[in-house]
Amino acid sequence: MNISYNWLKTYLPFDLQPAEVAAALTSIGLETGRVEEVESVRGGLEGLVVGEVLTCVAHPDSDHLHLTTVDIGTGEPLRIVCGAPNVAAGQKVVVAPVGTTLWNEEEKIVIRRSKIRGEESMGMICAEDEIGIGTDHSGIIVLPAETTVGMLARDYYHIESDCVLEVDITPNRVDATSHYGVARDLAACLLQTGRSVALRRPSVDAFATDETAEAIVVEVANTDACLRYSGLTIRGVEVKESPEWLKNRLRTIGLRPINNVVDITNFILHELGQPLHAFDASRIKGGRVIVRTMPEGTKFVTLDGVERTLSAHDLMICDAEDAMCIGGVFGGLESGVTEKTTDVFLESACFHPSWIRKTARRFGLNTDASFRFERGLDPNQTVYALKRAAMLIAEIAGGTVVGRIQDIYPEEVKPYPVDLTYRKINTLTGTEIPPETVKSILASLEVEIVSESVDGLSVRVPVYRVDVRRDVDVIEDILRIYGYNRIGFRNHLRSTLSYRTATDHSYNLENLISEQLCGAGFHEIINNSLVPLAHYDGLTAFPAAHAVLIENPLSADLNCMRQTLLFGGLQNIEHNLKHKNRHIRFFEFGACYSLEPATDASDKDPLRRYGEEYRLGLWICGNRVENNWAHPNEASSVYELKAYVQHVLARLGIHRVSNLKLTGNDLFTDGLGLQTPSGKTLGLFGIVHPKLLKMMDVDTEVYYAELNWKALLHEAQKNRVTAAEIARFPEVKRDLALLIDSDVPFEDIERIAFESERKLLRRVVLFDVYEGRNLAPGKKSYAVSFYLRDEGKTLEEKQIDAIMRKICRSLEEKTGASLR
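Keep in mind that what you see is a predicted model, and the values were worked out from it rather than measured.

A. Local environment of the sheet that holds strand E2 (residues 32–39). Taken together, the three strands give an open sheet; going across it, the order is E1-E12-E2, and neighbouring strands pair in antiparallel fashion. In this open sheet, the two edge strands, each paired with only one partner strand, are strand E1 (2–4) and E2. Adjacent strand axes in the sheet meet at a mean angle of 30 degrees when their direction is disregarded. Inspection of the sheet shows E2 paired to strand E12 (residues 161–167) by seven bridges, in the antiparallel sense. Bridge pairing in E12 links threonine 32 to valine 167.

B. Expanded view of the sheet that holds strand E22 (residues 343–351). With respect to topology, four strands assemble into an open sheet ordered E15-E22-E14-E23, the strand pairing being antiparallel. Two strands lie at the open edges of the sheet, namely strand E15 (276–280) and strand E23 (400–408), each paired on one side alone. Within this sheet the neighbouring strands show an average axis-to-axis angle of 20 degrees, counted without direction. Sheet topology note: the strand E14 (residues 226–235)/E23 ladder contains six bridges and is antiparallel. From the neighbouring strand, glycine 231 faces E23, where its bridge partner is glutamine 406. On the sheet, helix H7 (residues 260–272) packs against E15 and E22 and is oriented at approximately 165 degrees with respect to E15.

C. Examining the confidence of the model for the protein chain more closely. Summing up the model confidence of the protein chain, the mean pLDDT is 92 and the portion of residues at 70 or higher is 98%. Confidence, read as mean pLDDT per element, is least for strand E34 (residues 658–661) in the protein chain (81) and greatest for strand E27 (residues 523–524) (97).

D. Summary view of helix H5 (residues 179–192). An ideal rise of 1.5 Å per residue puts 20 Å on 14 residues; H5 measures up with 20 Å between its terminal C-alpha atoms. Here H5 lies mainly inside the structure; 13 of its 14 residues are buried. Between a side-chain oxygen at the N-terminus of H5 and the backbone nitrogen of glycine 181 the separation is 3.0 Å; the capping residue is serine 178. Phi turns positive, to about 90 degrees, at glycine 194, one or two residues after H5.

What counts, and at which threshold
- Residues numbered from 1 in each chain as written.
- Predicted model: local features only at pLDDT ≥ 70, side-chain atom pairs only at ≥ 80, totals over all residues.
- Heavy atoms only, no water.
- Pairing = 2+ DSSP bridges.
- Helix = DSSP H or I, 4+ residues; strand = E, 2+ residues; numbered from the N terminus.
- Axes fitted to C-alpha atoms, helices over the stretch in contact; angles between N-to-C directions.
- Contact = heavy atoms within 4.5 Å.
- pLDDT = per-residue confidence, 0-100.
- Expected span 1.5 Å × (residues − 1).
- Buried < 20%, exposed > 50% of the residue type's maximum accessible area, 1.4 Å probe, protein only.
- Polar contact = N/O pair within 3.5 Å; in protein donor to acceptor, adjacent residues only side chain to side chain.

This is how it looks when you write it as structure tokens:
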């Protein structure tokens, strides 16, 4: 936000230089990034002088140019060729001699000695738009006859030099979005540094109104959205150009002057932080202003000429028949003040922040008014701002305030009571601030001290400090005025032993797995946790009814929290496929969210229905090997994905995991669930269902795994790494060809083998699977290797045979397996 140095001094006389003001504001939390010297007109009209046209004759070689001689008070008159139709001898004009610099927006123009149609020209007689004081280009500027020749144009137009401070306002400091608000904070700072300063608030004691005259009547139909609405009627106004001082104020902070009434509303906005809106009273049908909403789908044309479709949740300022303005956001095309306006209705209101924020976001509008209303304004300021604006309008535009001030304030907002203790102040600030200093700072911040005790204070916080509600908020305010730089370091250091939390452990393992996957050719992706609800329509694995919805989404594409990482990765794959990158390995760590539908209306803890899980997702598609001279192209498969999943589990020290075939899971055409021996689910993986791929515009087969990271960490904690000497005795291998039923998985074979021989059996490896000719229907053949070793001696053949017979017997009894 731009703050004018000169404007600031009208409320707080001080002797600081602009750079010192910037440093003081930054020290109290109003960070000032840039200080720029500016002038009310670009270039400050430097080099321009007042001249008198002595002679004016037609150009001999042109039907529209004139040859003039102009006296600028330097002795010899200047010969200037001028093309303006209104130039004549005897006029007082603004002259740009040779060497003068003019500005056309950002373009710099230097006046040079030149020849125009064979005639020499030693300067230029200027129009309004050429020197930046207006927009008229119909002819040159003609000054009053009494204007002194040779007078500097900057003196004639009262050009002001100023400095603009660019103050970065944090979202909680809406009270500082005005010159008076910044001056109020600066005064508190200067008082604590020993300077004697007095804050000057513009007086409205002279405000007067003719209460007997007829005025516009106000009605508030929606008091939830409109906390307070104040308005008054001014008749007999002359809408015209603003005086120079007002235009200079606005130009300095980057605003374009429009007319005196509108300029005053902008001036009050930047003076006090209170948005105002001026209506042409003659266009208010029925003589009534009604604050309400309009039916869903109503069309409304705003001040920029754009037709907008209203929602039933958009607060509107209406007359007896139609909408006139989007409350707190943007004015309407038909109700604004124009040069023909003679009667004005002035609005000063306080709207509910969430109503304004939602409407502004819905229409994509961000105005100076909505910026302030969205953050919450002081409803107790509306009438004061209204009186201040009415007095300025009466002074500058004439007119009379008629009727009583219309002020609808259903529920008065009172200062917020807060209790403070000196002990907590000193504990939180890290230093001992004397009670007298605390009370002095509170007084400078306009915080009322209601009562005092040995231990602390009871105070009332002004309503305009909408961000200060708790004792810690007040203490923060005390500290920023006291000075962060005054908090010193003690001579001793208190420390505790460092220890690793569960979060640290999770983060370290997450990095470990990320490095492993990157080494295997994966790329990490990070997706938005907000997704379209449409992704879950018709799904049973992740029903739409279990989605956590966003109450006020930015768009329909971001209206719920994700239940699975799958769709974000599919969007990334779709993007890469469009860019001809078809061989993809992605992984992502991210949180997923769920909501259990309510079953008990009397549940006192609704948050229990919400769930959040941290998960790891893996996606692969395309070819595993591509364009390799030593290896033919090889497509990726679900078995490749399974290998990556097993490598992740092995790296975490998780070895005993069962694979369960998924049934009824509409994410996959075929998939497996991962389960621990105790029955805990660790995740799932499989081939993504074609209907989901089609929905996401993915035209290739995708293999996906999603692992529950918290469950993985829990299992990883059980892993114990032990050291043992290298085996001194050889390992023995025996191979069996087993004929089993087709529905018997290898993990059953492995489990039964280890149950049969717990001491000497080291490994069980499947090295071949056969299904086809020479086998009975419903049968398959497994070729399995069994590795045996005794740590104390070499195994004898008789012992080996006994172990293998026991394993075969167990397999036959439990699975019906037989040797081929």
